[in-house]
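Overview (structure and organization)
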Amino acid sequence: MSRDMDWRLLLPRPLRTLPADLGAVLVLVVLAVAAATIPVIKGTPIRIILGLPYLLFIPGYALVAALFPEAVERSTGVDEDETQIERGIDGIERVALSFGLSIAVVPLIGLLLNFTPWGMRLIPIVAVVSAFTVILTFVASRRRQALNEADRFVVPYERWIADAKAELFAPDSRADAALNVLLVVSILLAAGSTGYAIFVPPPGEQFSELYLLTEDESGDLVADEYPTEFIRGETKPLHIGIGNHEGREVQYTVVAQLHRVEMQNNATVVRERTELHRYTQTVGANSTWSTKTTVSPSMTGDRLRLTYLLYKGSAPENPTIDNAYRENHLWVNVSAPQ
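Attention here is on the structure that accompanies the text. (Residues numbered from 1 in each chain as written. Predicted model: local features only at pLDDT ≥ 70, side-chain atom pairs only at ≥ 80, totals over all residues. Heavy atoms only, no water.)

With that out of the way, let us pick up helix α2 (residues 20-37). When the terminal C-alpha atoms of α2 are compared, their 26 Å separation across 18 residues agrees well with the 26 Å that a helix rising 1.5 Å per residue should span. Along α2, the residues classified as buried are D21, L22, V25, L26, L28, V29, A32, A35 and A36. (Helix = DSSP H or I, 4+ residues; strand = E, 2+ residues; numbered from the N terminus. Expected span 1.5 Å × (residues − 1). Buried < 20%, exposed > 50% of the residue type's maximum accessible area, 1.4 Å probe, protein only.)

What follows is about the sheet that holds strand β10 (residues 301-312). One open sheet accounts for five strands, arranged β5-β11-β10-β7-β8; its pairing is mixed. Of all the strands in the sheet, the pair left with one neighbour each is β5 (229-231) and β8 (267-283). In this sheet, neighbouring strand axes are inclined to one another by 30° on average, regardless of whether the strands run parallel or antiparallel. Two strands pair when backbone bridges link them, and strand β7 (residues 250-264) and β10 are joined in this way by eight bridges, in the antiparallel orientation. Paired with V255 across the bridge in β10 is L309. (Pairing = 2+ DSSP bridges. Axes fitted to C-alpha atoms, helices over the stretch in contact; angles between N-to-C directions.)

Okay, the packing of aromatic side chains next. One pass over the structure, following the stated rule, counts two aromatic pairs. Measuring from ring centre to ring centre gives 5.0 Å for F57 and F99, while their planes differ by 55°; the resulting arrangement is tilted. You can see F57 sitting in the loop between α4 (46-56) and α5 (58-67) and its partner F99 sitting in helix α6 (residues 91-113), a full 42 residues away along the chain. Ring pairs connect the aromatic residues F57, Y61 and F99, which therefore count as one cluster. Here K236 stacks its cationic end above the ring of F230, 5.1 Å away from the centre of that ring. Positioned over the ring face of Y325 is K312, at 4.4 Å from the centre of the ring. (Phe/Tyr/Trp six-rings, centres within 6.5 Å; stacked < 30°, edge-to-face > 60°. Lys NZ or Arg CZ within 6 Å of the ring centre and 35° of its normal.)

Quick look at the nonpolar core now. Ranked by internal contacts, the top residues of the largest apolar core, which has 27 residues, are L22, Y54, I58 and Y61. Secondary-structure elements contributing two or more residues to this core are α2, α4, α5, α6 and α7 (122-145). Sorting elements by how many residues they give to this core places α2 first, with eight residues. Residue contacts for L22: discarding those within four places in its chain leaves Y61, A65, T137, A140, S141 and R144. F230, V254, A256 and L306 belong to the second largest nonpolar core, which has 23 residues in total. (Core = buried A, V, L, I, M, F, W, Y, C linked by side-chain atoms within 4.5 Å. Contact = heavy atoms within 4.5 Å.)

What follows covers the pattern of salt bridges. In the structure shown here, the tally under the stated rule is five salt bridges. Linking K312 and E246 is a salt bridge whose minimum nitrogen-to-oxygen distance equals 3.5 Å. Of this pair, K312 sits in strand β10 while E246 sits in the loop between β6 (236-245) and β7, placing them 66 residues apart in sequence. Since its relative accessible area comes to 36%, K312 is described here as partly exposed. Among the ionic pairs, R260 bridges to E272, the shortest N-O distance being 3.1 Å. Taken together, the residues R260 in strand β7 and E272 in strand β8 connect sequence positions 12 residues apart. Since its relative accessible area comes to 35%, E272 is described here as partly exposed. (Salt bridge = Lys/Arg side-chain N within 4 Å of Asp/Glu carboxyl O.)

In structure tokens, the structure reads:
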């Protein structure tokens, strides 16, 4: 056996005989699926870089390749006197159709999935779009192989590379050389600017949320039907939630207080306060946390303010609305037991 055996012979025949452009389609599908599903990758800009051509170009290109396997011009006659030339589609038309069909096909796939048990979610969409693209890729390969070699569509990589080398390294004049240098520098600057914008995006707004929720009849958490009527010593459930949009892991402290307040000079003055609970919780970046707590008021009165104060880090010695990072409250009435 020859030591210089081509490594492609180790591949299955359907893969070994794939044209270069269709092979590139399969490679991009595999990379895009990996970027969308592997946890280490799917949160990085690589997902965007691979996902855009995967959704906006590749499915349409596979469909166009299956519909138009022939080159721009192909012979259909047998005798030279009867030879006819039928025009296929050229490279620009092929690219334009690839974008147009991708933009039409991918939303249609999502719409159809919406009527299935899987729904319009990431994994089902990726699976169906990938299957659609792979099947059409092999259909396109079979249709090309059914044609005479001279009639098959081929992406002229070698001619493009040869033309580029001749233009860059053997220009006709100094002016052409200067323009070539300017073109290369412009491309590098554009690529660098695009890469910087993708990999170093501007920081978005950073904030944290504090919210209060209750359970509805089906057990879902909703911002409705809050407990407002209590008998002193009575316990009612309530859910506290924190949303971390700070772009980093943060340790939070939540302090629950019950206030007796009155209006004085158009300002709310706290006359009495009682601390009910205090929670400390670390929440990961772009994550949420919630816990079920209970409310058991110890003082009686009308329009008492059940207040929840949120702090990043530890709470101060005297927690108040004025020194809290976030505040949320309910107005409750607490009556004495009969």
